[in-house]
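Close look at the chain arrangement
So you can see what is in the structure, the chains are spelled out below.
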Amino acid sequence: MKNKNPFLLIGVYLCLSAVILFSVSCAEMARDMGIDGATDVQLRSGLTGTQNNPASLDPFKRYDLVMTANETRFFTMKVPSGWYWKVYVTAASRKENEEGRLSADISQPDPPWSPLDGTSFNKTMVLKNDGDQALLAVGNAVQTRYAVLRLSQDGAPVYVTIESQVSTTANLLGPSPDNSGLKGLSQ
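Everything numeric in this text was worked out from a predicted model, so none of it was measured.

Counting secondary structure elements, the protein chain contains three helices and nine strands. Across the protein chain, helices and strands are ordered from the amino to the carboxyl terminus as α-α-β-β-β-β-β-β-β-β-β-α. The proportion of buried residues among the 187 residues of the protein chain is 34%. Sequence-distant contacts in the protein chain: of pairs separated by 6 or more residues, those separated by 24 or more amount to 73%. Of the roughly 11300 Å² of accessible surface on the protein chain, a fraction of 54% belongs to carbon and sulfur atoms.

Let us look at unusual backbone geometry. Omega for the peptide link from Asp110 to Pro111 comes to 5°, which places this bond in the cis form. Tracing the backbone shows Pro111 in the loop between β5 (100-106) and β6 (122-127). Phi angles above zero are rare outside glycine, and Asn97 is one such case at about 65°. Relative to the elements of secondary structure, Asn97 occurs in the loop between β4 (83-93) and β5.

Looking now at the pattern of salt bridges. Tallying each qualifying case throughout the model produces six salt bridges. Notably, a salt bridge pairs Glu71 with Arg44, separated by 2.7 Å at the nearest N-O pair. Of this pair, Glu71 sits in the loop between β2 (62-67) and β3 (72-79) while Arg44 sits in the loop between α2 (40-43) and β1 (55-56); the two residues are 27 residues apart in sequence, bridging distant segments of the chain. The salt bridge partner of Asp132 is Lys123, with a shortest N-O separation of 3.3 Å. Asp132 sits in the partly exposed class, given a relative accessible area of 29%. Overall, the relative accessible area of 28% leaves Lys123 in the partly exposed class. Connected through salt bridges with shared partners, the residues Arg44, Glu71 and Arg73 form a single ionic network.

Here the focus is the sheet that holds β3. Taken in spatial order, the five strands line up as β1-β3-β8-β5-β6 in an open sheet, and their pairing is mixed. Single-partner strands in this sheet number two, and they are β1 and β6. Here β5 pairs with β6 via six bridges, running antiparallel. Looking across to β6, one finds that Gly100 is bridged to Leu127.

What follows concerns the sheet that holds β2. The four strands are arranged β2-β9-β4-β7 in an open sheet whose pairing can be described as antiparallel. A strand with exactly one partner marks an edge of an open sheet, and here the two such strands are β2 and β7 (131-139). Going across the sheet, the axis of each strand differs from the next one's by a mean of 20°, ignoring polarity. Where β2 lies against strand β9 (residues 158-168), six bridges are found, and the strand directions are antiparallel. Paired with Tyr63 across the strands is Ile162, a residue of β9.

Reading predicted coordinates in detail is not appropriate for stretches of low pLDDT. For the protein chain, per-residue confidence averages 80 on the pLDDT scale, and 74% of positions sit at 70 or higher. The weakest mean pLDDT in the protein chain belongs to helix α3 (residues 169-173) at 53; the strongest belongs to β1 at 96.

Rules used in this analysis
- In this numbering scheme, every chain counts its residues from 1 along its sequence in written order.
- Where local features are concerned, this predicted model is filtered to residues with pLDDT of at least 70; where side-chain atom pairs are given and counted, the filter is 80 or more; whole-chain, interface and lining totals use all residues.
- In computing side-chain properties, one takes all heavy atoms of the structure into account and sets aside hydrogens as well as water.
- Helix and strand definitions follow DSSP, with helices as H or I runs of at least four residues and strands as E runs of at least two, each counted in order from the N terminus.
- The rule is simple: take the accessible area with a 1.4 Å probe, protein chains only, and divide by the maximum for that residue type; under 20% is buried, over 50% is exposed, in between is partly exposed.
- The contact rule is simple, with two residues in contact once any of their heavy atoms fall within 4.5 Å.
- Computed with a 1.4 Å probe, the accessible areas rest on the Shrake-Rupley method; for each residue, only the protein chains presented here act as cover.
- Any carboxyl oxygen of Asp or Glu within 4 Å of a side-chain nitrogen of Lys or Arg constitutes a salt bridge here.
- Following DSSP output, two strands are said to pair if at least two bridges run between them.
- A fitted line through C-alpha atoms represents every axis, and for helices the fit uses only the stretch in contact; the resulting angles, taken between N-to-C directions, go from 0 to 180 degrees.
- What pLDDT reports is the predictor's confidence in each residue, on a scale of 0 through 100.

And the structure:
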């Protein structure tokens, strides 16, 4: 019997190696896409913070999160005196035909934040096969202090995006009639 062709053996070895690598790659891709049966807790991702240790937000960054397992996360932003903070919270249901809820609010310290026209301090979004966006904002008419954003998820997992904007109220709103520079902020 003749010796087998070495090129044939190398070819078989390379084919088997490619099949093994491809199967590992497909399993990894399925995990990355969330279709391999991962639990909701395993899908949790993004910046986290607790009530006692809220995560600091950078106003120049966008944050993408997956919130699951009926969790609450806390974030903080430094708001200088005479400035405002606007935060856009966009949420979408991660699982089709399963309802998820996201409550977003900025806590009211003492003294309370000043409201900005067209915004609110809180919003609850009910998500099933769609998405929603909240525009929350605070104006700071007193000394520099930190605002705390709370996101609370209930039900099916939700994708969440957080984007911030911080600026002086005078630049945004123009001079006020009383020349305080805080037009639009109730004092």
